[in-house]
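These are the residues of each chain, in order.
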2 protein chains.
Amino acid sequence: MFKIPPHQVAGHHASNGTLGPLVDDSGRFYKPLQGDERGSAEFEFYEQFSSNAEIPDRIRRFFPVFYGTRVMNASDGLEHPHLVLQDLASSRTNPTVMDIKIGSRTFGPDASNDYIAKCLKRDRETTSIRLGFRISGLQVYVSEELGFYKPHRDLVLKSSVDDVKLLFRRYVSSNPSDSNPDYALAPNVYGRPNGILAQLLELKAWFEDQTIYHFCACSLLFMFEKAMASEGAGSNAQVKLIDFAHITEGRGVIDHNFLGGLCSLIKFISEVLEDPDDHKTREGDTRESTISVDNGH
Amino acid sequence: MFKIPPHQVAGHHASNGTLGPLVDDSGRFYKPLQGDERGSAEFEFYEQFSSNAEIPDRIRRFFPVFYGTRVMNASDGLEHPHLVLQDLASSRTNPTVMDIKIGSRTFGPDASNDYIAKCLKRDRETTSIRLGFRISGLQVYVSEELGFYKPHRDLVLKSSVDDVKLLFRRYVSSNPSDSNPDYALAPNVYGRPNGILAQLLELKAWFEDQTIYHFCACSLLFMFEKAMASEGAGSNAQVKLIDFAHITEGRGVIDHNFLGGLCSLIKFISEVLEDPDDHKTREGDTRESTISVDNGH
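Rules used in this analysis
Residues numbered from 1 in each chain as written. Chains lettered and ligands numbered in written order. Predicted model: local features only at pLDDT ≥ 70, side-chain atom pairs only at ≥ 80, totals over all residues. Heavy atoms only, no water. Pairing = 2+ DSSP bridges. Helix = DSSP H or I, 4+ residues; strand = E, 2+ residues; numbered from the N terminus. Contact = heavy atoms within 4.5 Å. Axes fitted to C-alpha atoms, helices over the stretch in contact; angles between N-to-C directions. Buried < 20%, exposed > 50% of the residue type's maximum accessible area, 1.4 Å probe, protein only. Salt bridge = Lys/Arg side-chain N within 4 Å of Asp/Glu carboxyl O. Buried area = accessible area lost by both parts, 1.4 Å probe. Polar contact = N/O pair within 3.5 Å; in protein donor to acceptor, adjacent residues only side chain to side chain. Nonpolar A, V, L, I, M, F, W, Y, C, P; charged D, E, K, R; others polar. Phe/Tyr/Trp six-rings, centres within 6.5 Å; stacked < 30°, edge-to-face > 60°. Lys NZ or Arg CZ within 6 Å of the ring centre and 35° of its normal. Least-squares fit on C-alpha atoms with pLDDT ≥ 70 in both. Parallel < 35°, antiparallel > 145°, perpendicular 65-115°, else oblique. Left-handed = near helix turned anticlockwise from the far one by under 90°. Expected span 1.5 Å × (residues − 1).

Residue and element names in this part refer to chain A. Strand order across the open sheet formed by four strands is E1-E2-E4-E3, with antiparallel pairing between neighbours. Edge strands, defined here as strands with exactly one partner in the open sheet, are strand E1 (22–23) and strand E3 (66–73). By the bridge criterion, two bridges tie E1 to strand E2 (residues 28–32) in an arrangement that is antiparallel. Bridged to valine 23 within E2 is phenylalanine 29. Packing of helix H1 (residues 37–50) onto the sheet brings it into contact with E2, E3 and strand E4 (79–86), and relative to E3 it is tilted by some 145°.

Next up, the structure:
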């Protein structure tokens, strides 16, 4: 009945003996509650958010539905409490997915010195400080025969600024692993009235105003189905917010760290739409991108 | 001919034997070039910016005019090279001034570990990390008799989030040092089609798009003349960008750190206009604000 999520591209992975999320056939996603304050922070966020009348419906749709908690036999063979969430990939056949951790800073103002040092090191090693976000993982569906283009997460995290530019183009290409990706799906996935860019702009307008939450170290998840995007079914492209273990109260201040990173991301996506052929490197980075085509999972 | 700028509220101050900026009677501001890479970075910025055809006029007006450099006898009695800039206060009689350092992070991605540690400590001790900016200093003209309300810079830097909220209200009050400031000038200074809020929104639109410069550790300077603001002369309120010693190239990426802080500042200013009577503390901070009325200079 429970299985390892087939389309997860970042975060903890379940395996035999290792704790990680599970999904079932009814469209639910079971996320083990981290045993420290992170787990309780995420649980409290979902519970508080579910009943918060200040969240407009046009914003609520960006969040996974929360079904409560459940103690269950987990992937490591032990009983653990889990968050029960909507499985965002359950209605999809071959989802093309990207996970982007937003914010140039992944620690909150009240974090400990050790935690700050750890996060800052990671933020400097990845593109977070430079871009205001980092790509944590992605998979791009190619075909039944070839499966997914899915570069290894460690390589994705080592991306340079130019690698990130190229990944946003690969993400909407029918030949993602090619040295000259075609961006064929960009207008239908990034563009259109309800495409990814329009959804990001909707989120941006909310973040310019909302002072309820600071979404520290959260991710944006992009998803679409290649078959539908090729036919021009724009509503099939989705943006979701996930991972709320480090969320804090806004206390009257906007989340300028998330908003700045979101604006930077919007600029990158806009550039793919405005100028799809400009994938030239600006910093003389002429490394070949590391490509792996993962045939199925 | 040269004198110490009478209306400087932050930054290095000149005095007998101490190096700092000077002004003359012709409206020029002489800023000693810092002897290390900061001085050359600021000079290079001004020189490059002056001739950069990519900067629209509506944005150029936010920057001091640059007149070159000049070696001159400085306030410490020695010869030093100086940047020759427009004296932003020269046309003003009793300017009400606020200096706000923008950005939750005041170091660039390529800074040294020591410099990062120093900046991060300061960003955490002030409101920078929490708000995306910190007030570095201010003076509010009260009357000929009472002079200026000018809290000490060290106290301003120690402001809590609620102190900052109150300072934005004191800044546009005819009784700034009062425990219940009246915000009488808010509509004419923050509001109006060319008031401070409108100017900040113009800057924001540019920062959402421009990828030329990253304005690390820069300040926004607000200025207005009380006598004119009381009569409703809106164009008298000015926003300027100053202090470019830590500017870096944007290399195709927006300045998400500055933009996030700017959006946070815009939210604070908007709230004074929308809801002028809400200066309640949110974090239980009931300290009396430290008040000093500085009669002249």
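Text resumes after the structure shown.
All right, on to the environment of serine 104 of chain A then. Relative to the assigned elements, serine 104 of chain A resides in the loop between strand E5 (95–102) and helix H3 (113–125). Its relative accessible area of 8% is what places serine 104 of chain A among the buried residues. Excluding anything up to four places from it in sequence, serine 104 of chain A contacts Asp123, Ser128, Ile129, Gly132 and Asn257 of chain A together with Arg105 and His256 of chain B.

Looking now at the pattern of salt bridges. Residue and element names in this part refer to chain B. This structure, assessed with the given rule, holds 22 salt bridges over all chains. The shortest N-O distance in the salt bridge between lysine 31 and glutamate 42 comes to 3.0 Å. With lysine 31 in strand E2 (residues 28–32) and glutamate 42 in helix H1 (residues 37–50), this pair connects stretches of sequence that are eleven residues apart. Of the two residues, lysine 31 and glutamate 42, both sit in the buried class.

What follows is about the interface of chain B and chain A. Counting from both sides, the interface comprises 36 residues of chain B and, opposite them, 36 residues of chain A. Carbon and sulfur atoms make up 54% of the surface buried where chain B meets chain A, a total of about 3000 Å² over both sides. Its largest share of buried area at the contact with chain A, chain B owes to Arg130, Arg251 and His256 of chain B, together 22% of the area lost on that side. For the pair chain B and chain A, the number of links is six salt bridges. With a shortest N-O distance of 2.8 Å, glutamate 208 of chain B and lysine 204 of chain A are connected by a salt bridge. Between chain B and chain A we count 18 residue pairs in polar contact (both at pLDDT 80 or more) in total. Where the side of chain B that touches chain A is concerned, the elements lending two or more residues are helix H3 (113–125), helix H4 (128–131), helix H6 (161–170) and helix H10 (256–274) of chain B. Here the element with the most residues in the side of chain B that touches chain A is H10 of chain B; it accounts for eight residues. Looking at the side of chain B that touches chain A, its residues break down into 13 nonpolar, eleven polar and twelve charged.

Moving on, we come to the side chain of serine 75 of chain B. Residues and elements named next belong to chain B. If you trace the backbone, serine 75 turns up in the loop between strand E3 (66–73) and strand E4 (79–86). At 2.7 Å, the side chain of serine 75 and the backbone oxygen of threonine 18 are in polar contact. Engagement of the side chain of serine 75 in a polar contact is seen with the backbone nitrogen of glycine 20, the distance being 2.9 Å. Those residues in contact with serine 75 that sit more than four places away from it in its chain are Ala14, Ser15, Asn16, Gly17, Thr18, Leu19, Gly20 and Leu22.

The next subject is the packing of aromatic side chains. In the structure shown here, the tally under the stated rule is 56 aromatic pairs over all chains. Centroid distance phenylalanine 45 of chain B to tyrosine 213 of chain B: 5.1 Å. Interplanar angle 80°. Geometry classified as edge-to-face. Here tyrosine 213 of chain B lies in strand E8 (residues 213–215) and phenylalanine 45 of chain B lies in helix H1, a separation of 168 residues in the sequence. In this structure, phenylalanine 45 of chain B and tyrosine 213 of chain B share a single accessibility class: buried. For the ring pair tyrosine 141 of chain B and phenylalanine 148 of chain B, a centre distance of 5.2 Å and an interplane angle of 65° mean the geometry is edge-to-face. An identical accessibility class is assigned to tyrosine 141 of chain B and phenylalanine 148 of chain B; each is buried. In textbook terms, an aromatic cluster arises when at least three aromatic residues are bridged by ring pairs, as seen for Phe43, Phe45, Tyr46, Phe49, Phe63, Phe66, Trp206, Phe207, Tyr213, Phe215, Phe244 and Phe258 of chain A. The ring of phenylalanine 49 of chain A has arginine 60 of chain A sitting right over it, with the charged end atom 5.0 Å from the ring centre. Lying across the ring of phenylalanine 107 of chain A, arginine 105 of chain A places its NZ or CZ 5.9 Å from the centre.

This paragraph deals with the sheet that holds strand E1 (residues 22–23) of chain B. Pairing is antiparallel across the open sheet formed by four strands, whose spatial order is E1-E2-E4-E3 (chain B). Both edges of this open sheet fall to E1 and E3 of chain B, since each of them pairs with a single strand only.

Turning next to the side chain of arginine 105 of chain B. Here arginine 105 of chain B is to be found in the loop between strand E5 (95–102) and H3. Among the polar contacts made by the side chain of arginine 105 of chain B, one reaches the main-chain carbonyl oxygen of isoleucine 129 of chain A at a distance of 3.3 Å. Separated by 2.8 Å, the side chain of arginine 105 of chain B and the backbone oxygen of phenylalanine 107 of chain B make a polar contact.

Both copies of the chain are related by a screw-like operation: a rotation about an axis and a shift along it. Its rotation angle being 180°, the transformation that places chain B on chain A also includes 0.0 Å of axial translation and leaves an RMSD of 0.0 Å. Here the copies are linked by what is in effect a two-fold axis. For chain B, the smallest separation between a C-alpha atom and the rotation axis is recorded for glycine 260 of chain B, amounting to 2.2 Å. A share of 100% of the interface residues of chain B reappears at the interface of chain A, consistent with the copies meeting face to face through the same patch.

Attention shifts here to unusual backbone geometry. Residue and element names in this part refer to chain B. Phi at alanine 217 is positive, roughly 60°, even though this residue is not glycine. Tracing the backbone through its elements, the reader meets alanine 217 in the loop between E8 and strand E9 (219–225). For aspartate 243, which is not glycine, the phi dihedral falls at a positive 70°. Along the chain, the position of aspartate 243 falls in the loop between strand E10 (238–242) and strand E11 (247–249). Classification of aspartate 243 as partly exposed rests on a relative accessible area of 28%.

Turning our eyes to something else, we now look at the environment of tyrosine 190 of chain A. Topologically, tyrosine 190 of chain A is positioned in the loop between helix H7 (186–189) and helix H8 (196–207). Setting aside residues no more than four positions away along its own chain, tyrosine 190 of chain A makes contact with Phe168, Tyr171, Val172, Leu185, Gly195, Ile196, Leu197, Ala198, Ile269, Val272 and Leu273 of chain A.

This brings us to the packing of helix H8 (residues 196–207) of chain B against H10 of chain B. Residues and elements named next belong to chain B. Running from N to C, H8 and H10 cross one another at 155°; their axes reach a closest spacing of 10 Å. Considering the angle they form, H8 stands roughly antiparallel to H10. Crossing of H8 against H10: the hand is left-handed. Across from Leu197, Leu200, Leu201, Leu203, Lys204 and Phe207 in H8, the residues of H10 making contact are Phe258, Leu259, Leu262, Cys263, Leu265, Ile266, Ile269, Ser270 and Leu273. Of the residues that constitute the contact of H8 with H10, the class distribution is 13 nonpolar, one polar and one charged.

Taking 1.5 Å per residue as the helical rise, H10 of chain B with its 19 residues ought to reach 27 Å, and the 26 Å between its terminal C-alpha atoms agrees with that figure. Taking burial as the measure, the 19 residues of H10 of chain B include 17 buried ones, the bulk of the element.

Turning next to H3 of chain A. Turn by turn, an α-helix covers 3.6 residues, leaving residues three or four places apart pointing in a common direction. Between its terminal C-alpha atoms H3 of chain A stretches 18 Å, which fits the 18 Å expected from 13 residues at 1.5 Å a residue. Close packing links the buried residues of H3 of chain A with helix H4 (128–131) and strand E6 (133–143) of chain A together with H3 of chain B.

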